[in-house]
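In case you want the letters, here they are:
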Amino acid sequence: MKRFIVFFLFPLVLQAQNVGKWRAGSSYQLIGKIYTLSCFVSGPNDEWTYNEKLEMLNLLNESQNWISKEALKYSISVDFNESGNFGLNNDIKLPYIERGNASGNESVDWVSKVFYKIGYKSNLDFDSWIKENTNANNYNVIIFVKGKGNGYAMPYSTEMEKEKYYVEGAVLYEKYNGNEKLASSSIAHEILHLYGAWDLYKTFAQSESNELKAKRLFPNSIMLRTSYNINELEIDSLSAWLVGWNKYPKEWYETFRPKDH
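The rules we used
Residues numbered from 1 in each chain as written. Predicted model: local features only at pLDDT ≥ 70, side-chain atom pairs only at ≥ 80, totals over all residues. Heavy atoms only, no water. Pairing = 2+ DSSP bridges. Helix = DSSP H or I, 4+ residues; strand = E, 2+ residues; numbered from the N terminus. Right-handed = clockwise from strand over helix to strand, strands pointing away. Buried < 20%, exposed > 50% of the residue type's maximum accessible area, 1.4 Å probe, protein only. Polar contact = N/O pair within 3.5 Å; in protein donor to acceptor, adjacent residues only side chain to side chain. Contact = heavy atoms within 4.5 Å. pLDDT = per-residue confidence, 0-100. Phe/Tyr/Trp six-rings, centres within 6.5 Å; stacked < 30°, edge-to-face > 60°. Expected span 1.5 Å × (residues − 1). Core = buried A, V, L, I, M, F, W, Y, C linked by side-chain atoms within 4.5 Å. Salt bridge = Lys/Arg side-chain N within 4 Å of Asp/Glu carboxyl O.

### Overview of the pairing of strand 2 (residues 78–86)
Thought 1: Of the strand pairs in this sheet, strand 1 (residues 32–42) and strand 2 are connected by seven bridges, and their pairing is parallel. In the sheet register, Tyr35 faces strand 2, and the bridge partner there is Glu82.
Thought 2: In this fold, strand 1 hands off to helix 1 (residues 50–72), which returns the chain to strand 2; that crossover is right-handed.

Okay, structure coming up:
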């Protein structure tokens, strides 16, 4: 989203996120081989150009390369070499395009809608394809939407319908609501959400006091702020723990838990 501006040692931290919401879907842990499916979507009156799509893929590649470099700081290997795409030559057309506004009430069934248009009957059909045709340990979908909006992640929770929501994905709009172009750091931010990271800035679920605390502890965290220069950001130790990199959590990490986790 746009924002400019061993475990046994710590029983409390074991909670991480509520049972069923952490490491429940296709984006289990940000470790090893990761398969990324990118999709290009537009509405009845919009159309991507081919060059615009290539620009989005370049931003995706930049975000993934950055994540892999950050992982090495924790002696973790993250490999995004396996990937696929739908909509590169012809847009996936939807009759209605929702514009994210960071309210927390946005639709979370984008992946199912897109898969249905592609021809999949269920998310689990794609899950089977991944297992049969790739070496990926985990996978996620990135949906690029023509036009403006506030991007967001759609993680799976076990109380949700598995056939509809198990495949986890994020929606990224071509431009922010203020009409600025998408930054690669926003893509990385949403990918990290899929693998468990929390927002560290004030949202409908995160407190202002936690944002102030994060500014002191993690001033350059990608979960706190966005930048067009992704290399001035970092994946902080709390977020690294949540995505599976940091094996030495602190008890105070729990104080950053958002209200909806």
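### Some remarks on the side chain of His193
Thought 1: Positionally, His193 belongs in helix 5 (residues 184–194).
Thought 2: Taking relative accessible area as the criterion, His193 reaches 15% and is therefore assigned buried.
Thought 3: A polar side-chain atom of His193 sits 2.8 Å from a polar atom in the side chain of Asp199.
Thought 4: Not counting chain neighbours up to four residues away, the residues in contact with His193 comprise Ala153, Trp198, Asp199 and Met223.

### A word on helix 2 (residues 110–118)
Thought 1: Those residues of helix 2 that sit buried are Trp110, Val111, Ser112, Val114 and Phe115.
Thought 2: A positive backbone phi angle near 130° is found at Gly119, which sits one or two residues after helix 2.

### Digging into the confidence of the model for the protein
Thought 1: Averaged over the protein, the pLDDT score is 91; the fraction of residues at 70 or greater is 92%.
Thought 2: Confidence drops under pLDDT 50 across residues 1–19; counting only partners more than four residues distant or on other chains, this segment forms 52 contacts.

### Describing the packing of aromatic side chains
Aromatic rings in a pair are described by how distant their centres are and how their planes are angled relative to each other.
Thought 1: Under the definition given, this model contains 16 aromatic pairs.
Thought 2: Taken together, a centroid distance of 5.9 Å and an interplanar angle of 45° make the contact between Tyr74 and Trp245 tilted. Here Trp245 lies in the segment after helix 7 (237–242) and Tyr74 lies in the loop between helix 1 and strand 2, a separation of 171 residues in the sequence.
Thought 3: With a centroid separation of 5.7 Å and an interplanar angle of 80°, the aromatic rings of Tyr120 and Phe126 are classed as edge-to-face.
Thought 4: Given a relative accessible area of 1%, Phe126 falls into the buried group.

### Description of helix 1
Thought 1: Across its 23 residues, helix 1 extends 34 Å between first and last C-alpha, which sits within 8% of the 33 Å expected from 1.5 Å per residue.
Thought 2: For helix 1, the full list of buried residues reads Lys53, Met56, Leu59, Leu60, Ser63, Gln64, Trp66, Ile67, Ser68, Glu70 and Ala71.
Thought 3: In this fold, the buried residues of helix 1 make contact with strand 1, strand 2, strand 4 (138–148), strand 6 (169–175) and helix 5.

### Overview of the nonpolar core
Thought 1: One finds Leu30, Phe144, Ile222, Leu238 and Trp245 to be the most contacted residues of the largest nonpolar core, which totals 47 residues.
Thought 2: Mapped by element, the contributors of at least two residues to this core are strand 1, helix 1, strand 2, strand 4, strand 6, helix 5 and helix 7.
Thought 3: When residues in this core are grouped by element, the largest group, six residues, is from helix 1.
Thought 4: Setting aside anything within four residues of it in sequence, one finds Ile222 in contact with Trp66, Ser185, Ala188, His189, Leu192, Ile230, Leu233, Glu234 and Ile235.
Thought 5: With 28 residues, the next largest nonpolar core counts Ala24, Ile92, Tyr120 and Tyr166 among its residues.

### Some remarks on the side chain of Ser221
Thought 1: Mapped onto the secondary structure, Ser221 falls in the loop between helix 6 (208–217) and helix 7.
Thought 2: A distance of 2.6 Å separates the side chain of Ser221 from the side chain of Asp236, its partner in a polar contact.

### Here's the deal with the pattern of salt bridges
Thought 1: The full count for this structure, using the stated rule, is 13 salt bridges.
Thought 2: Between Asp79 and Lys33 there is a salt bridge, and its shortest N-O distance comes to 3.6 Å. Pair noted here: Asp79 is in strand 2 and Lys33 is in strand 1, with a separation of 46 residues, a long-range link.
Thought 3: Among the residues examined, Asp79 registers a relative accessible area of 21% and is labelled partly exposed.
Thought 4: Here Lys215 makes a salt bridge to Glu211, at a shortest N to O gap of 3.3 Å. Taken as a pair, Lys215 and Glu211 lie in helix 6 at a separation of four residues, close to a single helical turn.
Thought 5: In this structure Lys215 comes out as partly exposed when scored by relative accessible area, which is 42%.
Thought 6: The structure contains a network of salt bridges with shared partners spanning Glu52, Lys146 and Glu174.

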